[in-house]
Amino acid sequence: MSFNHGCKDGPVLIVGSVAYDSVRTPFGEVQEALGGAASYSSVAASFFAPVRLVGVVGEDFAEQHVAALAKRNIDLAGLQRAPGKTFRWSGYYEFDLGHAHTTATELNVFQDFRPSLPESYRDSPYLFLANIEPTLQLSVLDQVRRPKLVVCDTMNFWIEHAKDKVLEVLARCDIALMNDAEARELCGEPNLIAAGRRLLNYGPGTIIIKKGEHGAVMMTHDSYFSAPGYPLEELKDPTGAGDTFAGGLVGYLARCGQTDEETMRRAIIAGSVMASFTVEDFSLNRLFALTPEEIAERYHEIVAMTRFGGL
Ligand code: AMP
């Protein structure tokens, strides 16, 4: 069962990294486990809407991982297999789990990747440009005919290596997601609210700033919303939390077929709920075992937790 039986609008096209991650946290470690921004976000979105994935993997990408994605009903016509090795990321987290320390980024097959969308993808109404080199995000954006909603994400690596291109992506999207440190870095602005305002001036009508375990804030030119993080007591690995949040958010919006303020607020809670599951285990293990009932239960817990009356 999945929430996407009630999906009111069309599929979500997602481009981003499909990776093998080696990650160490105070609670354990994994070597070359399935990861990547597109993997996390596609699986999260697939609970709410049909998903089309665009990305590239190398000859070493295991059939078992293709099958795991396909089993979530993710369309893999846009996942190319190229000579060479799959993208790899290695990193570790210290005790507070708040900050990923990158030890290695190997672009491998992403180095020469030129996305060419299957014809069947070009009318996708929802587009999520997950974390990957911004020129690849732009190339995908160029190939989709008048999408209804474009959402983008990025990370410090691209802000440091390709800031102009990151700004070009921002200028062409409706919703920009980033974490608090990235927002400060991109804007050169220590105050998060001021950074959010500046990001709005780059083009997107909505900015969502993710604050890790502390939730997320959404800003538009005339509204502000703050969502809490789900109070988890046991978490193992924060890798992919941001991507999962984004996938849940975009999938939820596609399911509802609208992006008014109320729907956006619910989508942010849906994203937070999805992210809270991802961090309970390494890689996509928890997401692959997740049920819609568990999602609904946690969503309602957050609603109950944040309800309060008027003065
Ligand atoms: P996050 O949601 O921010 O924790 O994203 C973690 C995922 O981002 C990991 O699964 C990595 O494979 C992926 N990743 C790390 N560095 C990069 C990069 N430079 N470009 C694209 N994806 C990356």
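All figures in this text were calculated on a predicted structure; none of them were measured in a lab. (Residues numbered from 1 in each chain as written. Predicted model: local features only at pLDDT ≥ 70, side-chain atom pairs only at ≥ 80, totals over all residues. Heavy atoms only, no water.)

Trainee: Explain the sheet that holds strand E3 (residues 28–35) to me, please; I cannot follow it from the model alone.
Mentor: Hydrogen bonds between backbone atoms are what pair the strands of a sheet, whose relative direction is either parallel or antiparallel. As summarised here, the arrangement of the four strands in space is E3-E2-E6-E7, forming an open sheet in which the pairing is mixed. The open sheet terminates on both sides in strands that have one partner only, identified here as E3 and strand E7 (100–106). The average angle at which neighbouring strand axes cross in this sheet is 15°, direction not considered. Where strand E6 (residues 87–93) and E7 come together, six bridges link them in antiparallel fashion. (Pairing = 2+ DSSP bridges. Helix = DSSP H or I, 4+ residues; strand = E, 2+ residues; numbered from the N terminus. Axes fitted to C-alpha atoms, helices over the stretch in contact; angles between N-to-C directions.)

Trainee: In this structure, what is going on with the nonpolar core? I would like to understand it.
Mentor: The tendency in soluble globular proteins is for nonpolar side chains to be buried side by side. Of all hydrophobic cores here, the largest spans 59 residues; its most connected members are Phe128, Ile208, Leu249 and Ile268. Residue contributions to this core peak at nine residues, all from helix H9 (residues 261–278). (Core = buried A, V, L, I, M, F, W, Y, C linked by side-chain atoms within 4.5 Å. Buried < 20%, exposed > 50% of the residue type's maximum accessible area, 1.4 Å probe, protein only.)

Trainee: What exactly am I supposed to notice about the pairing of strand E12 (residues 216–219) here?
Mentor: In summary, the side chains of a regular strand alternate between the two faces of the sheet. Alternating residues of E12 divide into Ala216 and Met218 and Val217 and Met219, and every residue in both groups is buried. Taken together, the four bridges between strand E11 (residues 206–210) and E12 define a ladder with antiparallel strand orientation. Its bridge partner being in E12, Lys210 is matched across the sheet by Ala216. Between E11 and E12, which pair antiparallel in sequence order, lie five residues; one of them, Gly212, sits at a positive phi of approximately 55°.

Trainee: Looking at this structure, how should I read empty space enclosed by the protein?
Mentor: Taken as a whole and assessed by the stated rule, the structure comprises one cavity of 30 Å³ or more. Considering the residues around the largest cavity, the lining is formed by Pro134, Gln137, Cys152, Asp153, Thr154, Val166, Val169, Leu170 and Met178. Secondary-structure elements contributing two or more residues to the lining of the largest cavity are helix H3 (134–143) and helix H5 (163–171). When residues of the lining of the largest cavity are assigned to their parent elements, the largest contribution, three residues, is made by H5. Here the lining of the largest cavity is composed, by residue class, of six nonpolar, two polar and one charged. (1 Å grid on protein atoms, 1.4 Å probe; cavity = no way out; pocket = protein on both sides within 12 Å on 5 of 7 lines; lining within 4 Å. Points joined across faces, edges and corners; volume = space filled by probe spheres on them. Nonpolar A, V, L, I, M, F, W, Y, C, P; charged D, E, K, R; others polar.)

Trainee: Before we go on, may I ask you to explain the site of the ligand in this structure?
Mentor: Of all residues adjacent to the ligand, which total 20 residues, the nearest are Ser17, Asp21, Gly36, Gly240 and Asp243. Side-chain polar atom of Asn131 to a nitrogen atom of the ligand: 3.4 Å apart, as the coordinates give it. Between the ligand and Asp243, the relevant distance is 2.7 Å, taken from an oxygen atom to a side-chain nitrogen or oxygen of the residue. Burial of the ligand by the protein amounts to 88% of the accessible area it has alone, namely 510 Å². Secondary-structure elements contributing two or more residues to the shell around the ligand are strand E2 (19–25), E6, helix H4 (156–161) and helix H8 (241–256). (Near = heavy atom within 4 Å. Polar contact = N/O pair within 3.5 Å; in protein donor to acceptor, adjacent residues only side chain to side chain. Areas by Shrake-Rupley, 256 points an atom, 1.4 Å probe, with all protein chains shown as cover.)

Trainee: What's the story with the environment of Tyr121 in this structure? I'm lost.
Mentor: Among the structural elements, Tyr121 can be located in the loop between E7 and strand E8 (126–129). Take Tyr121: its relative accessible area is 0%, and that puts it in the buried class. Spatially, the C-alpha atom of Tyr121 lies 7.1 Å from that of Arg52, the residues being 69 residues apart in sequence. Each residue touching Tyr121, except ones within four places of it in the same chain, is listed here: Leu13, Arg52, Leu53, Val54, Asp75, Leu76, Ala77 and Gly78. In this structure the side chain of Tyr121 is engaged in a polar contact, spanning 3.1 Å, whose partner is the backbone oxygen of Leu53. (Contact = heavy atoms within 4.5 Å.)

Trainee: How should I be thinking about the environment of Thr291 in this particular structure?
Mentor: For Thr291, the location among the structural elements is in the loop between helix H10 (285–289) and helix H11 (292–306). With 244 residues separating them in the primary sequence, Thr291 and Phe47 have C-alpha atoms 8.6 Å apart.

Trainee: Is there a simple way to think about the pattern of salt bridges in this case?
Mentor: With the rule as written, the count across this model stands at 14 salt bridges. One salt bridge in this structure joins Glu63 and Arg81, with 3.3 Å as the shortest N-O distance. Taken together, the positions of Glu63 in helix H2 (residues 63–71) and Arg81 in strand E5 (residues 74–81) put the pair 18 residues apart, joining distant regions of the chain. Residue class for Arg81 comes out partly exposed when judged on its relative accessible area of 40%. Between Arg298 and Glu280 there is a salt bridge; the shortest N-O distance is 2.8 Å. Pair noted here: Arg298 is in helix H11 and Glu280 is in the loop between H9 and H10, with a separation of 18 residues, a long-range link. Take Arg298 and Glu280: they sit in the same class, and that class is buried. A single network of salt bridges, built from pairs that share partners, joins Glu280, Arg286, Glu294 and Arg298. (Salt bridge = Lys/Arg side-chain N within 4 Å of Asp/Glu carboxyl O.)

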